[in-house]
Amino acid sequence: QVQLVESGGGLVQAGGSLRLSCAASGRTFSSYGMGWFRQAPGKEREFVAGINWSGGRTSYADSVKGRFTISRDNAKNTVYLQMNSLKPEDTAVYYCAAQLYGRGNSRARAEYNYWGQGTQVTVSS
């Protein structure tokens with residue numbers, strides 16, 4: 001069982017930056033690939049970024065590539081999402097998710113075993 005708690009969301013102007021954190025409970029964090037997803041009002045939840053257990057493999061949605069960076073610190077049981085050059089269209093609730101033995105390239109929601117409650121990110125123009 002893994003519990004995930006996101007933090008770091010907020011209101012930021014376009015062009016600004018935020019860093020989201022996702023703290024995981026349990027002693028098997030390094031067994032999980034991790035992902036960030038987002039859901040804007042009226043839209044489906046979509047993949048943003050993924051990372052494998054060691055941090056050596058990452059993947060990104062085309063819409064955030066070059067602006068967002070996913071990383072993890074297994075000693076702290078935490079995964080991060082650094083978001084730079086934010087745009088109004090990045091406004092959404094951001095969720096982290098854990099996939100047992102995930103390789104960091106899973107983009108389907110159904111492939112993830114555990115989810116956090118989400119954190120709101122609002123980018124003003």
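Residues numbered from 1 in each chain as written. Predicted model: local features only at pLDDT ≥ 70, side-chain atom pairs only at ≥ 80, totals over all residues. Heavy atoms only, no water.

### Topic: the state of the cysteines
Formally: By convention in this document, the label disulfide applies to cysteine sulfur atom pairs within 2.5 Å. Working definition: helices are DSSP H or I runs of at least four residues, strands are E runs of at least two. Numbering for both runs from the N terminus. In this scheme, a residue with accessible area under 20% of its type's maximum is buried, one over 50% is exposed, and one in between is partly exposed, where area comes from a 1.4 Å probe on protein chains only.
Evaluated as defined, the whole model comprises one disulfide. The residue that forms a disulfide with Cys22 is Cys96, at a sulfur-sulfur distance of 1.9 Å. Looking down the S-S bond of the Cys22 and Cys96 bridge, the torsion is 45°, so its handedness is right-handed. Highlighted residues: Cys22 in strand E3 (residues 18–24) and Cys96 in strand E9 (residues 92–100), separated in sequence by 74 residues. When sorted by exposure, Cys22 lands in the same class as Cys96, which is buried.

### Some details on the sheet that holds strand E1 (residues 4–7)
Defined as follows: At least two bridges found by DSSP between two strands are what make those strands a pair. Comment: axis = line fitted to C-alpha atoms, over the contacting stretch for helices; angle = value between 0 and 180 degrees taken between N-to-C directions.
Sheet architecture is open: four strands sit in the order E1-E3-E8-E7, paired in antiparallel fashion. Of all strands in the sheet, those with a lone pairing partner are E1 and strand E7 (68–73), marking the two edges. When the angles between neighbouring strand axes are averaged without regard to direction, this sheet yields 15°. One ladder, built from six bridges, connects E3 with strand E8 (residues 78–83); its direction is antiparallel. Looking at E8, one finds that Leu20 is bridged to Leu81.

### Description of the pairing of E7
The alternating pattern of E7 places Phe68, Ile70 and Arg72 on a buried face and Thr69, Ser71 and Asp73 on a face that is not buried. Of the strand pairs in this sheet, E7 and E8 are connected by six bridges, and their pairing is antiparallel. Among the inter-strand pairings, Thr69 is bridged to a residue of E8, identified as Gln82. In this structure, the hairpin formed by E7 and E8 is closed by a connection of four residues, where Asn77 is found at a positive phi of approximately 55°.

### Considering the packing of aromatic side chains
Cut-off, in case you're wondering: Between 30 and 60 degrees the pair is tilted, below 30 it is stacked and above 60 it is edge-to-face, where a pair is any two Phe, Tyr or Trp rings, Trp via its six-membered ring, whose centres lie within 6.5 Å. In our convention, an over-ring charge means Lys NZ or Arg CZ found within 6 Å of a ring centre and within 35 degrees of that ring's normal.
Counted under the stated rule, the structure contains five aromatic pairs. Taken together, a centroid distance of 5.2 Å and an interplanar angle of 85° make the contact between Phe37 and Tyr112 edge-to-face. Of this pair, Phe37 sits in strand E4 (residues 32–39) while Tyr112 sits in the loop between E9 and strand E10 (114–115), placing them 75 residues apart in sequence. Across the pair, exposure class does not vary: Phe37 and Tyr112 are buried alike. In this structure, Arg45 is placed above the aromatic ring of Trp115, and the distance from its NZ or CZ to the ring centre is 5.1 Å. The lysine or arginine in question, Arg72, covers the ring of Phe29, its NZ or CZ lying 4.4 Å from the ring centre.

### Brief notes about the environment of Glu89
By secondary structure assignment, the location of Glu89 is in the loop between E8 and E9. Among the residues examined, Glu89 registers a relative accessible area of 56% and is labelled exposed. When the C-alpha positions of Glu89 and Ser63 are compared, they lie 9.7 Å apart, and in sequence the two are 26 residues distant.

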